[in-house]
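Letter by letter, the chains look like this.
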Amino acid sequence: MTTLVIVLGSTLALIVGAFLVVAWRDRRRQSLPEDSAAAREAAGTQQRYAAERHGRQGDVWRNGQSQGSP
């Protein structure tokens, strides 16, 4: 029984320690200005592609409507 408690306690301490090390490391990491600029550029590109896709879908819908009416 004592061995089980020691093994479980050690495992729990190891897990908590690993979690704290990772959390500490991530807090110390600082984003560079290039990272935020790249993120803004990627978001702009994604929005542009979404707008183009939306426009193409509208064209397809309008063409379908005009072809269906006599």
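As shown above, the structure is provided for reference.
Residues numbered from 1 in each chain as written. Predicted model: local features only at pLDDT ≥ 70, side-chain atom pairs only at ≥ 80, totals over all residues. Heavy atoms only, no water.

Description of the overall build of the chain
Filter applied, for reference: Where helices and strands are cited, they refer to DSSP runs of H or I of at least four residues and of E of at least two residues respectively, numbered from the N terminus. Summary of the burial criterion: residues with accessible area below 20% of their type's maximum are buried, those above 50% are exposed, and those between are partly exposed, where the area comes from a 1.4 Å probe applied to protein chains only.
Summing up its helical and strand segments, the chain has two helices and zero strands in all. Per-residue burial over the chain gives 1% buried out of 70 residues.

Observations regarding the packing of aromatic side chains
To keep it simple, the criterion reads: Pairing of aromatic side chains requires ring centres within 6.5 Å, counting the rings of Phe and Tyr and the six-membered ring of Trp. Pairs whose planes differ by under 30 degrees are stacked, by over 60 edge-to-face, and all others tilted. For a Lys NZ or an Arg CZ to count as sitting over a ring, it must be within 6 Å of the ring centre and within 35 degrees of the ring normal.
A full pass over the atoms with the stated rule returns zero aromatic pairs. The lysine or arginine in question, Arg 48, covers the ring of Tyr 49, its NZ or CZ lying 5.5 Å from the ring centre.

Re a nonpolar patch on the surface
Stated formally: Each patch is assembled from residues with relative accessible area greater than 30% and no salt bridge, linking like charges that lie within 9 Å and nonpolar side chains (Val, Leu, Ile, Met, Phe, Trp, Tyr) that lie within 5 Å. Residue-level accessible areas treat just the shown protein chains as cover; the underlying method is Shrake-Rupley with a 1.4 Å probe. Take a side-chain nitrogen of Lys or Arg and a carboxyl oxygen of Asp or Glu: if they are within 4 Å of each other, that pair is a salt bridge.
Where nonpolar side chains cluster on the molecular surface, the patch consists of Met 1, Leu 4, Val 5 and Leu 8 and spans about 470 Å² of accessible area. Examined against the element boundaries, Leu 4 turns out to sit in helix H1 (residues 2-28).

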